[in-house]
Amino acid sequence: MTKYAFFEGEIVPIEEAKVSIMTHALNYGTGAFAGIRGYWNEEQEQLYVFRMLDHYRRFIQSGKYLLAQMDYTPEQLVEITVELLKLEGWRQDCYIRPLLYKADTAIGIRIHDLRDAVAIFTLPFGKYIQDEEGAKVCTSSWRRVDDTAIPARGKLTGSYINSALIKTEAMLNGFDEGIVLNQNGQVAEGSAENLFIVREGRLITTPVYSNILEGITRRTIMHLAQEEMNVEVEERPIDRSELYVADEAFFCGTGVQIVAIASVDHRPVGEGRIGPITRRIRDLYFRIVRGQEPKYRRWLTPVPKT
Ligand code: PMP
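Because the structure is a prediction, the values reported are computed rather than measured. (Residues numbered from 1 in each chain as written. Predicted model: local features only at pLDDT ≥ 70, side-chain atom pairs only at ≥ 80, totals over all residues. Heavy atoms only, no water.)

Participant: So, the site of the ligand: which residues are in play, and what are the values?
Facilitator: Contacts to the ligand come from 16 residues, most closely from R58, Y160, I216, T217 and T254. A distance of 2.6 Å is found between an oxygen atom of the ligand and a side-chain nitrogen or oxygen belonging to T217. Its free accessible area being 390 Å², the ligand has 97% of it covered by the protein chains. Contributions of two or more residues to the shell around the ligand are made by α2 (52-65) and α5 (216-228). Looking at the shell around the ligand residue by residue, the class counts come to four nonpolar, seven polar and five charged. (Near = heavy atom within 4 Å. Polar contact = N/O pair within 3.5 Å; in protein donor to acceptor, adjacent residues only side chain to side chain. Areas by Shrake-Rupley, 256 points an atom, 1.4 Å probe, with all protein chains shown as cover. Helix = DSSP H or I, 4+ residues; strand = E, 2+ residues; numbered from the N terminus. Nonpolar A, V, L, I, M, F, W, Y, C, P; charged D, E, K, R; others polar.)

Quick look at the structure:
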């Protein structure tokens, strides 16, 4: 159970971190957020937070779309989060949710002349998709929010209605997740995760101009494939029909981590279960995030034990 939150400039008991029903962000979706994972290393009895600074840099970028007056640097937000995690003392994997929101209790649709507030809370967190080695996926009937309507590069609370529609449609139809196409009819990503396919030994992922969120896990995988696995990465648009003939496909993201796609629209991808390249990337990723690869300790923030 979560005990604390960072709220209105200080760490307070979670019960005190409350906003009014009149809060602007609650009424109009005028907020931005981040999602960060902490990994518990049982052997070392140590909690590591993965790429926290990068997440806070993107968080602040998302705030720019909202004309947010941000009182904190990414480094300060890292410090605050470490303090919060020290107090919570999680001895298991956890999730960190920073939230920036228009905090005024005001009516009127705009993003200017409103007070910005930052809150952070953490909670224990396990799997996001149950079958991580074989997710059943559909192509969504929804289209990915277009950058001409809402900045697709921002993690903006209001635009997650788009993700929620995709996820719920997929699950109510018996799938684990949906893949969303963009306005050009080409693949963008999953409802809350980026996507890679494997064709002839090469990794292919959709480019930033496909209206994807510029994922930190995606960037991590591109780096690891090229630097550690000698696997080429191609960043280019992917057609829906390519999903059906891919040798492997997987989702990646902070929440989902790395999840192999077993089928798309009832068609098996490759052998219909996790493929060799996905498995290698997944194994390496989990060793890195849990602090078992000294070379990549620079991506981890250890939370001092209290
Ligand atoms: N796309 C969307 C729409 C997301 O919500 C997320 C999760 N933040 C991602 C991709 C993956 O991004 P990241 O790897 O930075 O978590």
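Additional details are given in the paragraphs that follow.
Participant: So what's going on with the nonpolar core? Residues and values would help.
Facilitator: Of all hydrophobic cores here, the largest spans 27 residues; its most connected members are Y56, L77, L85, V118 and I120. Where this core is concerned, the elements lending two or more residues are β4 (36-41), β5 (46-50), α2, α3 (74-88), β6 (94-102) and β7 (116-124). In terms of residues, this core owes the most to one element, α3, which gives six residues. Contact partners of I120, with chain neighbours within four places excluded, come to A5, F6, Y56, L77, I80, T81, L84, I96, R97 and P98. With 26 residues, the next largest nonpolar core counts F196, V231, I281 and Y296 among its residues. (Core = buried A, V, L, I, M, F, W, Y, C linked by side-chain atoms within 4.5 Å. Buried < 20%, exposed > 50% of the residue type's maximum accessible area, 1.4 Å probe, protein only. Contact = heavy atoms within 4.5 Å.)

Participant: Mind laying out the environment of R97, listing which residues take part and the relevant values?
Facilitator: Locating R97 in the fold gives a position in strand β6. Separated by 62 residues in sequence, R97 and G35 have C-alpha atoms that sit 5.1 Å apart. Beyond its immediate sequence surroundings of up to four residues, R97 is in contact with F33, A34, G35, A119, I120 and F121. One polar contact links R97 to Y95, side chain to side chain, over a distance of 3.1 Å.

Participant: Go over the state of the cysteines, please, and point to the residues and values.
Facilitator: Following the criterion strictly, the structure yields zero disulfides and no others. Of the cysteine sulfurs around C138, a residue in no disulfide, the closest is that of C252, at 18 Å. (Disulfide = S-S within 2.5 Å.)

Participant: Describe in detail the domain arrangement of the protein, supporting the description with residues and values.
Facilitator: Taken domain by domain, the protein comprises domain 1 (4-124) and domain 2 (135-289). Between the C-alpha centres of domain 1 and domain 2 the distance comes to 26 Å. Contacts between the two partners involve 21 residues from domain 1 and, on the opposite side, 20 residues from domain 2. When domain 1 packs against domain 2, the two sides together hide about 1,800 Å² of surface, and 61% of this comes from carbon and sulfur. Run the count over domain 1 and domain 2 and you get zero salt bridges. Summed over the shared surface of domain 1 and domain 2, the result is eleven residue pairs in polar contact (both at pLDDT 80 or more). Of the residues forming the side of domain 1 that touches domain 2, the biggest block, five residues, is contributed by α2. (Domains from an automatic or database assignment. Buried area = accessible area lost by both parts, 1.4 Å probe. Salt bridge = Lys/Arg side-chain N within 4 Å of Asp/Glu carboxyl O.)

Participant: I'd like to hear about the packing of aromatic side chains, residue by residue, with values.
Facilitator: Tallied over the entire structure, the rule returns nine aromatic pairs. Ring plane angle 70 degrees and centroid distance 4.7 Å describe the contact between F33 and Y160, whose orientation is recorded as edge-to-face. Taken together, the residues span a long stretch of sequence, with F33 in strand β3 (residues 31-33) and Y160 in helix α4 (residues 160-172) at a distance of 127 residues. For F33, a relative accessible area of 9% puts it in the buried group. By relative accessible area, which is 21% here, Y160 ends up partly exposed. Through a chain of ring-to-ring contacts, the aromatic side chains of F50, Y285, F286, Y296 and W299 assemble into a single cluster. Above the ring of Y244, the side-chain terminus of R267 is found at 4.1 Å from the ring centroid. (Phe/Tyr/Trp six-rings, centres within 6.5 Å; stacked < 30°, edge-to-face > 60°. Lys NZ or Arg CZ within 6 Å of the ring centre and 35° of its normal.)

Participant: Could you give an account of the packing of α5 against helix α7 (residues 276-289), naming the residues involved and the relevant values?
Facilitator: Two numbers describe how α5 lies on α7: the axes approach to 11 Å, and their chain directions differ by 110 degrees. Judged by the angle between their axes, α5 and α7 are roughly perpendicular. By crossing handedness, the relation of α5 to α7 is classed as right-handed. Packed against α5, whose contacting residues are T217, T220, I221, L224 and E228, the element α7 presents I281, L284, Y285 and I288 at the interface. A class-by-class count of the residues in the contact of α5 with α7 yields six nonpolar, two polar and one charged. (Axes fitted to C-alpha atoms, helices over the stretch in contact; angles between N-to-C directions. Parallel < 35°, antiparallel > 145°, perpendicular 65-115°, else oblique. Left-handed = near helix turned anticlockwise from the far one by under 90°.)

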